[in-house]
Amino acid sequence: MTSHSKKENNAVSVSEMIAQNKQKKSFHNFNEKSIPVFLFLLASITILTTIGILYTLISEAIHFFMEVPILDFFTGTELKPLSQDPQFGILPLLNGTLISSIIAILVAGPIGLMSAIYLSEYASDKVRRVLKPLLEVLAGIPTIVYGFFAFTFVTPIIRAIWPQVEATNILSPGLVMGVMIIPMIASLSEDAMSSVPNRIREGSLAMGTTRLETTFKVVIPAALSGIIASFVLAISRAIGETMIVTIASGSSKNFTFDLTQSMQTMTAYIVEVSGGEAPAGSTLHYSLYAVALTLFAFTLIMNLLAKYVSRKFREEY
Amino acid sequence: MSTLTEKGIKIDLQTSQDDKEALSQIKEKSVIYDTKNLDLWYGNSHALKNINLEILENEVTAIIGPSGCGKSTYIKTLNRMVELVPGVSTSGSISYKNKNILDKSIKVEDLRTQVGMVFQKPNPFPKSIYENIVYGPRIHGIKKKAILDEIVEKSLRGAAIWDEVKDRLHQNAYGLSGGQQQRICIARCLAVEPDVILMDEPTSALDPISTLKIEELMKELKKQYTIIIVTHNMQQAARISDKTVFMLNGEVVEFSETDQLFSNPSDKRTEDYITGRFG
Amino acid sequence: MAKSQAVMRQPNKINARVRINTFWKSIFFLSTLFGLFVLAILIYRVVADGMAWLDLSFLTSRLSTDPNTAGISGAILGTLWVMLVVIPVTLIVGVGTAIYLEMYAKKGFMKSIIETNIANLAGVPSIVYGLLGLTVFVRLMAFGNVVLAGGLTLSLLVLPILVVSAQEALRAVPGYLEEASYGMGATKWQTIRRIILPAAIPSILTGAILAMSRAIGETAPLTVLGIPALLIPLPGGLFDTFTALPMQIYYWTLDSSLVAEYANLAAATIIVLLVILFILNSIAIFIRNKYQQSY
């Protein structure tokens, strides 16, 4: 061995010290084996959360469906949980949820998409770097703040223009929810559009088309799956949104299409019933979970749909 | 081992200007890496085919060949870094100091402590120069500051970069030039006093002047360490190595004294490669 | 020939096409500004309503039904207590999960199950987490509607955000650093603890702060947990009942039709909440810029 030459002029031999340290490495061995197990246990908390949600919703909803036939629940147009002869039809809630979500997407869809087009196709790098984070501030505002805004500002304005509108109505929270989900559509659609490679754009522009024509004939078709996915996710977000509708749309359980009236969404119903004094074990209490299970199923389906769309129809560049 | 005398005589002839050193080399040189019938697959692709090589201690062995010939794969097999790629499988054996390192009972951490590696792109940690050097000693349980200080100076001197960085040991290593970073990586390697240093195209990302400095350093290092270097640069192999391996399509085509391989290759394919007909 | 006619016609058409393009460009630009315009009105409105009511005594007084003496010290303290639960729980579980997924889990069934599950959890409405918390923490574990139950519920809610951002942070650490560490004979855990985590920590912190801001502003799950409206005593521990800033805004907004000044109190509380979120986000941006990859 020649290795002594690098050690002899030195009092300490590092390699020998390392060799000695190896003897007492059992602690490290323990670490190497136990840490992955510990981390796996932490990771499984996310699985337990899902199991917890499913178990909670299903086990309690079953009690509800033992008292209220499932068909009556999904086809009933009357929701009168507190009357002498309680009715538990979910259609008024589904109706409120869908109408508010449709209003929201009617606002956020065009505006979000046009913002995305501007940011991805027209804005200079500098402008985009300022506008995009500012737009995302909208997404960071807590929904309770939007609720306050809808109730104390938007509703009075609407009522000034259109006096028949009630103090609590579905229109105002729908519009505000639309503003809330603009950044979601803008940001996700912009991602989809800017991931369309430039050579495709250049190919079209070189033919003498304008930016607008290139955007609508080439870029948007190529990014369509991402754009659709952003719409689906935004709708899912609107369906699950709670505070804006709870505050601004009130708790009337009318089955109506009149936008000037108060309607209750599934989420607002959950807030109302869980905040009230529903006795444990009552049908009213269990109805909470049946509605929540329906809500959960809706948003899950929308989210899976968004994922499916963006995967299945992804353009190969 | 049987060829030792033969090879020893050749070395003796080459380095006759310093008889003493040559003599000591004859006495002590022994096989450090003995590869036998090594095959390696990435999934289904056969990357190394029946490799047989004996690499001697305290020599510089260069491995050359066109890209994709398996030279990097082979050098990474010598410290089992190749296992970081999923789906790798091997057969055959590599004896390092008479132990088969492909055996699953071998702890890769021990192997890699004895066999250092310098990578293609300088890869210091995003920490201070000092922290980079003491990383190895620390993970192997050396904690005393006085000893660590000593290791830092010795390793940086060993990598011929002490004078350049001694005043800024606590600054981020990424403030250095590429060539300096690579010497920091070499110093980091020396800090645990390995027996072998594997170098995987260590100068391919560097400018010519930095390359020259690293080559000079290698000549210095070979007095104390066994060096195995993969290079795509034939002139570099000719300048610094004692032996050269030429690989092609996962096979060893030729393995001989560097002078002989470059002046009088025995295989037509070697000749084609070194005369620039392909690669 | 038809072809040459088409070419001849183009010059006139091109002017029109360019004009259409310019017109739509300004429409697109105005759309982008629309969101910001609403944001500006919202902030103006909140400040106009609340600023006059925001003073030191508002921050330090306890809750009261009298708008002139009511303060939010209890809500501030409640939010702080809840964050004392959320921060350690999400950091440990979130970063641990991310390390497991990125560094240990082999590609395959388990990893894809956990990742798909996390992606789906991120899309579950927050109110559903409220029901989970109500059933598991408030009732099953019998904590009641206390700080710990609220904190754990919000932790589960923001966990997916933190896991995904921590995974991205770990993935962004260049592979050559990992290689260098293994090359020195370091074990996997040594490499993670000494090289990968330190390199990823700025991005992880940025993600953690964003997750915190989400938790601070979250209201719906707290309403389900039965967090009380009018609570005079201040929380002093994990097992005390509490109220939080967003809950305070909620009740004051609802009751503003009864007592008009409650709207001002709600607005003042919103200012406090937004300032906290603004500070948190500034810290996140500061960390991101300061420690932007030094490699």
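Residues numbered from 1 in each chain as written. Chains lettered and ligands numbered in written order. Predicted model: local features only at pLDDT ≥ 70, side-chain atom pairs only at ≥ 80, totals over all residues. Heavy atoms only, no water.

Draft legend 1. Geometry of the nonpolar core. One finds Ile 53, Tyr 146 and Ile 270 of chain A together with Leu 131 and Trp 252 of chain C to be the most contacted residues of the largest nonpolar core, which totals 157 residues. In contact with Tyr 146 of chain A, other than residues within four places in its own chain, are Leu 138, Ile 141, Val 176, Val 179, Met 180 and Ile 244 of chain A together with Leu 42 of chain C. Counting residues in each nonpolar core, the second largest holds 119 residues, with Phe 119, Trp 162 and Ala 191 of chain B together with Ala 169 of chain C among its members. (Core = buried A, V, L, I, M, F, W, Y, C linked by side-chain atoms within 4.5 Å. Buried < 20%, exposed > 50% of the residue type's maximum accessible area, 1.4 Å probe, protein only. Contact = heavy atoms within 4.5 Å.)

Draft legend 2. Broad picture of the pairing of strand β7 (residues 196–200) of chain B. Residue and element names in this part refer to chain B. Most of β7 sits out of view: 5 of its 5 residues are buried. Covered by surrounding structure in β7 are Val 196, Leu 198 and Asp 200 together with Ile 197 and Met 199, the residues of both alternating faces. The pairing of strand β6 (residues 115–118) with β7 spans 4 bridges and is classified as parallel. Of the residues in β7, the one forming a bridge with Val 115 is Val 196. Relative to strand β8 (residues 226–230), β7 runs parallel, the two being bridged by 5 bridges. Its bridge partner lying in β8, Leu 198 is registered against Ile 228. (Helix = DSSP H or I, 4+ residues; strand = E, 2+ residues; numbered from the N terminus. Pairing = 2+ DSSP bridges.)

Draft legend 3. Just the interface of chain C and chain B, in detail. With 18 residues of chain C at the contact, the number on the chain B side is 25 residues. Here chain C meets chain B over a buried area of about 1900 Å², counting both sides, of which 64% is carbon and sulfur. When the area that chain C buries against chain B is broken down by residue, the three leading residues are Glu 179, Met 184 and Arg 194 of chain C, summing to 34%. In this structure, the connection of chain C to chain B is made through 1 salt bridge. A salt bridge links Lys 76 of chain B to Glu 179 of chain C; its shortest N-O distance comes to 3.3 Å. Inspection of the chain C/chain B interface yields 6 residue pairs in polar contact (both at pLDDT 80 or more). Looking at the side of chain C that touches chain B, the elements that each hand over two or more residues are α7 (175–183) and α8 (188–217) of chain C. A per-element tally of the side of chain C that touches chain B places α7 of chain C first, with 7 residues. Looking at side-chain class alone, the side of chain C that touches chain B contains 9 nonpolar, 7 polar and 2 charged residues. (Buried area = accessible area lost by both parts, 1.4 Å probe. Salt bridge = Lys/Arg side-chain N within 4 Å of Asp/Glu carboxyl O. Polar contact = N/O pair within 3.5 Å; in protein donor to acceptor, adjacent residues only side chain to side chain. Nonpolar A, V, L, I, M, F, W, Y, C, P; charged D, E, K, R; others polar.)

Draft legend 4. Inspection of the pairing of strand β1 (residues 31–42) of chain B at higher detail. Residue and element names in this part refer to chain B. In this structure, β1 lies alongside strand β2 (residues 45–56), joined through 8 bridges in antiparallel fashion. Across the sheet, residue Tyr 33 finds its bridge partner in β2, namely Ile 55. The hairpin formed by β1 and β2 contains 2 residues between the paired strands, and Gly 43 there has a positive phi angle of roughly 60°.

Draft legend 5. Spotlight on helix α9 (residues 208–221) of chain B. The end-to-end C-alpha distance of α9 of chain B, which contains 14 residues, comes to 20 Å, matching closely the 20 Å that a straight helix rising 1.5 Å per residue would cover. Regarding α9 of chain B, its N-cap is Asp 207 of chain B, as a side-chain oxygen of that residue lies 3.1 Å from the backbone nitrogen of Ile 209 of chain B further along. (Expected span 1.5 Å × (residues − 1).)

Draft legend 6. Quick look at the sheet that holds β7 of chain B. All names here are of chain B. The strand order across the open sheet formed by 6 strands is β6-β7-β8-β3-β9-β10, and the pairing between neighbours is mixed. Looking at strand neighbours, the two that pair on one side only are β6 and β10 (251–257), the edges of this open sheet. Put simply, the sheet's adjacent strands are angled 15° from each other on average, direction ignored. Relative to strand β9 (residues 243–248), strand β3 (residues 60–64) is paired through 4 bridges, and the arrangement is parallel. Residue pairing for β9: Ile 63 is matched across the bridge by Val 245. On top of the sheet, helix α8 (residues 178–190) reaches β6 and β7; it is set at about 170° to β6, its chief contact. (Axes fitted to C-alpha atoms, helices over the stretch in contact; angles between N-to-C directions.)

Draft legend 7. Main features of the pattern of salt bridges. Scanning the entire structure with this criterion turns up 31 salt bridges over all chains. Its salt-bridge partner being Asp 163 of chain B, residue Lys 166 of chain B comes within 3.8 Å of it at the nearest N-O pair. Residue class for Asp 163 of chain B comes out exposed when judged on its relative accessible area of 59%. The structure contains a network of salt bridges with shared partners spanning Glu 121, Arg 201 and Arg 211 of chain A.

Draft legend 8. How the structure looks around the side chain of Asn 117 of chain C. For Asn 117 of chain C, the location among the structural elements is in helix α4 (residues 109–122). Dropping the residues within four chain positions of it, Asn 117 of chain C is found in contact with Thr 46, Ile 47 and Thr 50 of chain A.

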